[in-house]
Amino acid sequence: MARRCLQFAAALTVALVAAPAAHALGPRAAAAKVRDCDTDARTATFTASMRALRGTQRLQLRFALQGRSPGAPAWATLDAPGFGTWLSAKPGRTGFVYDKTVKDLPAPGRYRIVVRFRWRDAAGRIARHAKRISAGCRQPDPRPDLVPLRVRSSGGPSATTRRYTVTVLNAGRARADATSVGLTVAQTVLAPAPLPSLAGGEEGRVRFVGPRCGRGSALSATVDPGGLVAEADEAGNVLAVACPPR
């Protein structure tokens, strides 16, 4: 996860609770959660909340933003304005709620908050403390991802040829630019055929005419053999099937 300065917006709500303060540090005394995870805008809003405990006069909390890239072994703390400092409610408040919205989240990745809570008594001493970790906000890779799904064959223009149809899916989120598809029939490499631009989730079909593919041989279809399209996953561009395909 690259370290970068992330934008944020914060909104403070001081809860004026008429009910008596909690007497023990139960699960409702402090919480951290994801309030909104927008994968299109690449933003996340996190909420931390706490309630006063018996004998406490001041509520404090501190946010830390953590991120993890796909395949990363552990969460890493990220630099973000407004994180890492203690925030305080006014003395005597019985509830404290604070929201933070983080913008321009790098994708792909997952993000969460770690919140530390402190309850101070009338003398300013820390009477209790706690830590809560929110669920994660997943930001998927925004790029296209071209995947060859299947190869089908049908009768060809002559007794020694077949027609082959390669179906390609854009499994990514963004539109993929027009590119090409290559097909190898047994040991014969056919000329690449054009693949039109595909929107995210859209399928396209590319047709070839080539030699008959005998049993014991294989067909291999390669999408974007020239590497023209920047994809979320470049490892899934080749499909190999045994002859004859259905």
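Preceding this section is the structure that the text describes.
Caption draft 1: Spotlight on the state of the cysteines. Applying the stated criterion to the full structure yields two disulfides. At a sulfur-sulfur separation of 2.0 Å, the disulfide partner of Cys-37 is Cys-137. Sign of the S-S torsion, about 80 degrees for the bond between Cys-37 and Cys-137, identifies this disulfide as right-handed. A residue pair is termed long-range when its members are at least 10 positions apart, and Cys-37 in strand β2 (residues 30-38) and Cys-137 in strand β10 (residues 137-139) qualify at 100 residues. Shown here is the disulfide that connects Cys-213 with Cys-243, its sulfur atoms set 1.4 Å apart. Of this pair, Cys-213 sits in the loop between β16 (203-211) and β17 (218-223) while Cys-243 sits in the segment after β18 (238-242); the two residues are 30 residues apart in sequence, bridging distant segments of the chain. Of the two residues, Cys-213 and Cys-243, neither departs from the other in class, the shared state being buried. Sequential numbering of the bridged cysteines in the chain gives the disulfide pattern 1-2, 3-4.

Caption draft 2: Looking closely at the side chain of Ser-180. Turning to its location among the elements, Ser-180 is positioned in strand β13 (residues 179-185). Ser-180 has contacts with Pro-192, Ala-193, Pro-194, Leu-195, Thr-222, Val-223, Asp-224 and Pro-225, leaving out every residue within four places of it along the chain.

Caption draft 3: The arrangement of the sheet that holds strand β12 (residues 161-170) in detail. If you trace the three strands from one edge of the open sheet to the other, you get β11-β12-β16, paired in antiparallel fashion. Where the open sheet ends on each side, the last strands, each with one partner, are β11 (146-155) and β16. Pairwise comparison of adjacent strand axes, ignoring direction, gives a mean angle of 25 degrees for this sheet.

Caption draft 4: Structural view of the packing of aromatic side chains. For the coordinates displayed, the defined rule picks out four aromatic pairs. Judged by centre distance (6.4 Å) and plane angle (80 degrees), the ring pair of Phe-96 and Tyr-98 falls under edge-to-face. For the pair Phe-96 and Tyr-98, one class covers both residues: buried. One aromatic cluster is present, formed by Phe-63, Phe-83, Phe-96 and Tyr-98 through successive ring pairs. Geometry around Phe-63 places Lys-100 over its ring, the cationic atom sitting 5.4 Å from the centre.

Caption draft 5: The arrangement of the environment of Gln-60 in detail. Within the secondary structure, Gln-60 sits in strand β4 (residues 58-68). By relative accessible area, Gln-60 is classed as buried at 9%. The contact partners of Gln-60, leaving out residues within four places of it in the chain, are Met-50, Trp-86, Leu-87, Ser-88, Phe-96, Arg-116, Phe-117, Arg-118 and Arg-120. For Gln-60, the side chain forms a polar contact with the side chain of Ser-88, separated by 2.9 Å.

Definitions and cut-offs
Residues numbered from 1 in each chain as written. Predicted model: local features only at pLDDT ≥ 70, side-chain atom pairs only at ≥ 80, totals over all residues. Heavy atoms only, no water. Disulfide = S-S within 2.5 Å. Helix = DSSP H or I, 4+ residues; strand = E, 2+ residues; numbered from the N terminus. Buried < 20%, exposed > 50% of the residue type's maximum accessible area, 1.4 Å probe, protein only. Contact = heavy atoms within 4.5 Å. Pairing = 2+ DSSP bridges. Axes fitted to C-alpha atoms, helices over the stretch in contact; angles between N-to-C directions. Phe/Tyr/Trp six-rings, centres within 6.5 Å; stacked < 30°, edge-to-face > 60°. Lys NZ or Arg CZ within 6 Å of the ring centre and 35° of its normal. Polar contact = N/O pair within 3.5 Å; in protein donor to acceptor, adjacent residues only side chain to side chain.

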